[in-house]
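Analysis of the macromolecular model
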Amino acid sequence: MFFTRVGTIIAYIGLGLGIIRTAMGFYIPQMTDSMSSSTAAAQRYLGSRSPGEVIDQGVVWILVAVALGTLCEISRSRTG
């Protein structure tokens, strides 16, 4: 039961971080004038080579969080 609770918390945190990262990947190109400045902003503020890479990483975080959350729900239904 301990790992189910911890896994659920981690899934929620991962989902939140993935959504924030994906949103930032969409936000940075809208706030800059050119592709080179959006690439520079992504490198400076998000640590990635391009906004597209930030979006990809955010989607991966979301998918992993959903998978972990699904496993925790299965564990919760099996134990209790």
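The shown structure was predicted, so the numbers you read here are calculated from the model rather than taken from an experiment.

Reading the values: the criteria
Residues numbered from 1 in each chain as written. Predicted model: local features only at pLDDT ≥ 70, side-chain atom pairs only at ≥ 80, totals over all residues. Heavy atoms only, no water. Helix = DSSP H or I, 4+ residues; strand = E, 2+ residues; numbered from the N terminus. Rg over C-alpha atoms; globule rule 2.2 N^0.38 Å. Buried < 20%, exposed > 50% of the residue type's maximum accessible area, 1.4 Å probe, protein only. Contact = heavy atoms within 4.5 Å. Areas by Shrake-Rupley, 256 points an atom, 1.4 Å probe, with all protein chains shown as cover. Lys, Arg positive; Asp, Glu negative; His and termini not counted. Charge placed at Lys NZ, Arg CZ, Asp CG, Glu CD. Salt bridge = Lys/Arg side-chain N within 4 Å of Asp/Glu carboxyl O.

Helices and strands together make up the secondary structure of the protein, namely three helices and zero strands. When the helices and strands of the protein are placed in sequence order, the string is α-α-α. A compact globule built from 80 residues should have a C-alpha radius of gyration of about 12 Å, whereas the protein, at 16 Å, is more than 25% larger. In the protein, which comprises 80 residues, the share counted as buried stands at 25%. Sequence-distant contacts in the protein: of pairs separated by 6 or more residues, those separated by 24 or more amount to 64%. Of the accessible surface of the protein, which amounts to about 5,700 Å², a share of 68% is contributed by carbon and sulfur atoms. Treating the 6 positive side-chain charges of the protein as one cloud and the 4 negative ones as another, the clouds have centres 13 Å apart.

With that settled, the discussion passes to the pattern of salt bridges. Overall, the coordinates contain two salt bridges when judged by the stated rule. Between Glu53 and Arg49 there is a salt bridge; the shortest N-O distance is 3.2 Å. Given the relative accessible area of 22%, Glu53 is considered partly exposed. By relative accessible area, which is 60% here, Arg49 ends up exposed.

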